[in-house]
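Topology and contacts: notes
Read off the chains here:
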Amino acid sequence: MNETSPAPVAQAPVPLKTPAAAGGSASRPAAGQRIAELLQRQGVLAVLLTVVIVASFIYPTFATLDNARGVTIQASFLAVVALGMTMVIITGGIDLSVGSVFALGGVLAAWASQWGFLTALFVPLVVCGAIGLLNGLLVARAGMAPFIVTLATLLGARGLLLAFTDEGATTYLVPKGSAFADLGQGSVWGFGYPILIALVLFGIGGLLLQRTSFGQTLFAVGGSSDAATLMGLPVARTKILVYSLSGLLAGLAGALNAARLSSGVTIVGVGMELDAISAVVIGGTLLIGGAGSISGTLWGVLLLAVIQNLINQIGSLNSSYQSVVSGGFLIVVVVAQRYLARSRRTT
């Protein structure tokens, strides 16, 4: 029997995809995802610019160079603290000790300033960096919850501060005319040195986060610590480093504040950790970790400072209203972040 080839099976013609059909449905979700990412990262900048423009028309004294200098110098100390907090939160952690560490750094700097400029900086950086290192070791090596660890060091740093100052009865003064005092009170073109220091630190922080393997490791650890471990990334070392940086920067901010005030004030820094967390989250950094930006934190700090300044401009409101407004902003931003994250997953 001769073999016969099977009859050819007729195939339906495959419709050619037009550019609209091929890319239209895919481009719309991609565009929506890009818009969601843009709003998450730069939405606070749009709000900040809107508030500044509106306030400039309502209050003539707001849009002045002197007022801008006052706002930025007050924001510079919180900005330095929030920079370290940003890196901690990106890894999925939290640091509640920065307010107490900030105050402790100021007192130590004022006390050490009698022995010169370098000592006034060295002492608070070493002590506050050691507190941050302790936080990192307990979180990364002992596996303790960041909330509990940093709450304990918050109380410990505040207790150490009170013990060092005899329950606040002793106030250490920075020598007038010293180089350390000039660090907090000097200026370039009318803008104080703390502002310039904060900008330089934010520039370095932005480069570290976006242009180095260390920054990419932060995002990977915050996205999934277990996955980062399987990838061979130094998860424990990264966490130890970011908590150490957070303590170091909080101590530096405290030292700059002491130089600005010419004394180590014991009552500063109360609630500063909440302001730092608010600025970071308002700036677009997710509390669950894995996403955030240094520039967003800077805009968040400035927005909080502008709100405080507007409350002062109004005159009939006291400073406690800043907490109300900041809390409202924080709730709106967290809800918006959840919505944007859900939108990005669905697209």
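Moving on to the overall build of the chain. Helix and strand counts for the chain come out as 13 helices and two strands. When the 347 residues of the chain are sorted by exposure, 44% land in the buried category. Across the chain, the fraction of contacts at a sequence separation of at least 24, relative to all contacts at a separation of at least 6, is 77%. When the accessible surface of the chain is totalled, it reaches about 17,700 Å², and 67% of it is carbon and sulfur.

Here we take up the confidence of the model for the chain. In this model, the chain carries an average pLDDT of 83, and 81% of its residues clear a pLDDT of 70 or more. In the predicted structure, residues 1-23 sits below a pLDDT of 50 and forms three contacts with residues beyond four places in sequence or in another chain.

Let us now look at helix α11 (residues 272-282). Within α11, nine of the 11 residues are buried, leaving the element largely enclosed by the surrounding structure. Count one or two residues on from α11 and you reach glycine 284, which has phi positive near 105°.

It is worth spelling out the packing of helix α2 (residues 65-90) against helix α10 (residues 235-261) at this point. Running from amino to carboxyl end, α2 crosses α10 at an angle of 170°, the nearest separation of the two axes being 7 Å. When the axes of α2 and α10 are compared, the pair comes out roughly antiparallel. For the pair α2 and α10, the contacting residues are Ile73, Phe77, Val80, Val81, Leu83, Gly84, Met85, Met87 and Val88 in the first and Val242, Tyr243, Leu245, Ser246, Leu249, Ala250, Ala253, Leu256, Asn257 and Arg260 in the second. Partitioning the contact of α2 with α10 into residue classes produces 15 nonpolar, three polar and one charged.

Here we come to the packing of aromatic side chains. All told, the structure shown has three aromatic pairs when counted by the stated rule. Ring centres of tryptophan 111 and phenylalanine 164 lie 5.4 Å apart, and the angle between their planes is 90°; on these two criteria the pair is classed as edge-to-face. Within this pair, whereas tryptophan 111 is found in helix α3 (residues 98-112), its partner phenylalanine 164 is found in helix α5 (residues 146-164), the two being separated by 53 residues in sequence. Between the aromatic rings of phenylalanine 164 and tyrosine 172, the centroid separation amounts to 5.4 Å while the plane-to-plane angle is 40°, which identifies the pairing as tilted. In textbook terms, an aromatic cluster arises when at least three aromatic residues are bridged by ring pairs, as seen for Trp111, Trp115, Phe164 and Tyr172. Lying over the aromatic face of phenylalanine 191, arginine 69 brings its terminal NZ or CZ to 5.7 Å of the ring centre.

Its location among the elements puts serine 278 in helix α11. Setting aside its immediate chain neighbours within four residues, serine 278 contacts Leu304 and Leu330.

Among the residues of helix α8 (residues 213-223), Phe214, Gly215, Thr217, Leu218, Phe219, Val221 and Gly222 are the ones counted as buried. Residues of α8 that are buried make contact with α2, α7 (193-211), α9 (225-230) and α10.

Attention now moves to the packing of α3 against α5. Contact geometry of α3 with α5 gives a least axis separation of 8 Å together with a crossing angle of 25°. Taken together, α3 and α5 sit at an angle that is classed as roughly parallel. Read as a crossing pair, α3 and α5 show a hand that is left-handed. Seen from α3, the contacting residues are Gly99, Ser100, Val101, Ala103, Leu104, Val107, Leu108 and Trp111; seen from α5, they are Leu154, Ala157, Arg158, Leu160, Leu161 and Phe164. The residue makeup of the contact of α3 with α5, split by class, is 11 nonpolar, two polar and one charged.

The next point concerns the pattern of salt bridges. Here the structure, examined in full by the defined rule, presents one salt bridge. Between arginine 69 and aspartate 66 there is a salt bridge whose closest N-O contact spans 3.3 Å. Taken together, the positions of arginine 69 and aspartate 66, both in helix α2 and three residues apart, correspond to about one turn of that helix.

One can find glutamine 210 in helix α7. For the pair formed by glutamine 210 and serine 293, sequence separation is 83 residues and the distance between their alpha carbons is 8.7 Å. Beyond its immediate stretch of four places on either side in the chain, glutamine 210 contacts Gln216 and Phe219.

We now examine the environment of isoleucine 148. Turning to its location among the elements, isoleucine 148 is positioned in helix α5. A C-alpha to C-alpha distance of 10.0 Å links isoleucine 148 and leucine 138, two positions 10 residues apart in sequence.

Together, Leu49, Ile53, Val54, Phe57 and Ile58 give the surface a local cluster of nonpolar side chains, amounting to about 540 Å² of exposed area. Note that isoleucine 53 resides in helix α1 (residues 19-58).

Rules of the game
- Residues numbered from 1 in each chain as written.
- Predicted model: local features only at pLDDT ≥ 70, side-chain atom pairs only at ≥ 80, totals over all residues.
- Heavy atoms only, no water.
- Helix = DSSP H or I, 4+ residues; strand = E, 2+ residues; numbered from the N terminus.
- Buried < 20%, exposed > 50% of the residue type's maximum accessible area, 1.4 Å probe, protein only.
- Contact = heavy atoms within 4.5 Å.
- Areas by Shrake-Rupley, 256 points an atom, 1.4 Å probe, with all protein chains shown as cover.
- pLDDT = per-residue confidence, 0-100.
- Axes fitted to C-alpha atoms, helices over the stretch in contact; angles between N-to-C directions.
- Parallel < 35°, antiparallel > 145°, perpendicular 65-115°, else oblique.
- Nonpolar A, V, L, I, M, F, W, Y, C, P; charged D, E, K, R; others polar.
- Phe/Tyr/Trp six-rings, centres within 6.5 Å; stacked < 30°, edge-to-face > 60°.
- Lys NZ or Arg CZ within 6 Å of the ring centre and 35° of its normal.
- Left-handed = near helix turned anticlockwise from the far one by under 90°.
- Salt bridge = Lys/Arg side-chain N within 4 Å of Asp/Glu carboxyl O.
- Patch = residues over 30% accessible without salt bridge, like charges linked within 9 Å, V, L, I, M, F, W, Y side chains within 5 Å.

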